[in-house]
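# Chain and residue survey
Here is how the chains run, residue by residue.
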Amino acid sequence: MAERQVSRTALAFDFGTRRIGVAVGTEMLGTATPLVPLHVRDGIPDWNVVNRLIEEWQPDLFVVGLPLELDGSETLMCSRARKFGKRLYGRYGKPLEMWDERGSTKAAKGLARERGHRGNYRDDGVDGLAAQLILESWFASQRGEGGLVGY
C-alpha cells in the first residue's frame, strides 16, 4: 500500500512578551518561511492581525514553541506560551501542537549572523527565523527525524 502524502499547512509561533515570531509551512515539503512577527503587549497580540494571518494562510494546525530549560524543566514562559496556544485553539478550533523549542533562538541568531546580522536582536529580532526553525523541527519529527534539542 502506498504511503499517504500529508499536505497540511501549519502556522508556527515563537512566543515572546514583546514579539511573537511567526512562520508558515507545508508538511509535505517540510519547509517553512518566516513571516513578519506579531508585535504584542505583555504577550498579547492584536487578534485582528492574527485573524488576517489565519484568513490568508488557512492553516490546518498551529505549532507553538515551548521554551523549556535545557534539562527539560518548564519555565514561567512555558505557561505563558501554553496560554497563548490555548487562546489560538479556542479562537480558531485548529489542532494545536506545543513543541520543544530548545535551541531555536540560539540557532536563529547563528543563522542570522552568518547572513550578516550585526547582533542588535532587540531592534532587529530573529523571531520569524526562530519560528521557522521550530516548524521545520516539528515537520522533521513527523517524519521520524530529530528535533531542535542540541541543534
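In what follows, the structure referred to is the one given above.
Residues numbered from 1 in each chain as written. Predicted model: local features only at pLDDT ≥ 70, side-chain atom pairs only at ≥ 80, totals over all residues. Heavy atoms only, no water.

## What to know about unusual backbone geometry
Positive phi values are uncommon outside glycine, yet Asp-42 reaches one of about 55 degrees. With respect to the element layout, Asp-42 can be found in the loop between β3 (31-41) and β4 (44-45). Assessed through its relative accessible area of 53%, Asp-42 is described here as exposed. For Gln-58, which is not glycine, the phi torsion reads 45 degrees and is therefore positive. (Helix = DSSP H or I, 4+ residues; strand = E, 2+ residues; numbered from the N terminus. Buried < 20%, exposed > 50% of the residue type's maximum accessible area, 1.4 Å probe, protein only.)

## Some words on the pairing of β3
As defined by bridge partners, strand β2 (residues 19-26) adjoins β3 across 7 bridges and the pair is classed as antiparallel. If you follow Ile-20 over to β3, its bridge partner there is Leu-38. Relative to β4, β3 runs antiparallel, the two being bridged by 2 bridges. Along β4, the bridge assignment pairs Arg-41 with Ile-44. Linkage of β3 to β4, two consecutive antiparallel strands, is achieved through a turn of 2 residues, within which Asp-42 is found at a positive phi near 55 degrees. (Pairing = 2+ DSSP bridges.)

## A look at the nonpolar core
The biggest cluster of nonpolar side chains holds 19 residues, and the ones touching the most others in it are Leu-11, Phe-13, Leu-38, Phe-84 and Leu-88. Looking at this core, the elements with two or more residues in it are β1 (9-14), β2, β3, α1 (47-57), β5 (61-66) and α2 (76-92). Discounting chain neighbours no more than four positions away, the residues touching Leu-38 are Phe-13, Arg-18, Arg-19, Ile-20, Val-22, Pro-45, Val-49, Val-50 and Leu-53. Judged by nonpolar contacts, the second largest core, of 12 residues, contains Ala-10, Ala-32, Trp-138 and Phe-139. (Core = buried A, V, L, I, M, F, W, Y, C linked by side-chain atoms within 4.5 Å. Contact = heavy atoms within 4.5 Å.)

## So, the pairing of β2
Within a regular strand, the side chains alternate between the two sheet faces. The element β2 is largely enclosed, with a buried count of 7 among its 8 residues. Note that β1 and β2 share 6 bridges and pair antiparallel. Residue pairing in the sheet places Phe-13 in a bridge with Val-22 of β2. The turn joining β1 and β2, which pair antiparallel and follow one another in sequence, is formed by 4 residues. Two successive antiparallel strands, β2 and β3, enclose a turn made up of 4 residues, where Gly-30 displays a positive phi of approximately 75 degrees.

## Looking at the environment of Leu-29
Within the secondary structure, Leu-29 is located in the loop between β2 and β3. By relative accessible area, which is 64% here, Leu-29 ends up exposed.

## Side note on the side chain of Arg-19
Looking at where Arg-19 falls in the secondary structure, it is placed in strand β2. Polar side-chain contacts of Arg-19 include one of 2.5 Å to the side chain of Asp-127. (Polar contact = N/O pair within 3.5 Å; in protein donor to acceptor, adjacent residues only side chain to side chain.)

## Examining α1
The periodicity of an α-helix, 3.6 residues per turn, causes residues three or four positions apart to be oriented the same way. Three or more residues of α1 are buried, namely Trp-47, Val-50, Leu-53 and Ile-54. Mapping the buried residues of α1 onto a view down its axis gives an arc of 110 degrees, with all of them on the same face. Exposed residues on α1 whose side chains face more than 90 degrees from its buried face are Arg-52, Glu-55 and Glu-56. Capping the start of α1 is the job of one residue whose side-chain oxygen sits 2.9 Å from the backbone nitrogen of Asn-48: Asp-46. Of the residues one or two after α1, Gln-58 is the one with positive phi, at around 45 degrees. (Arc of directions from axis to C-beta.)

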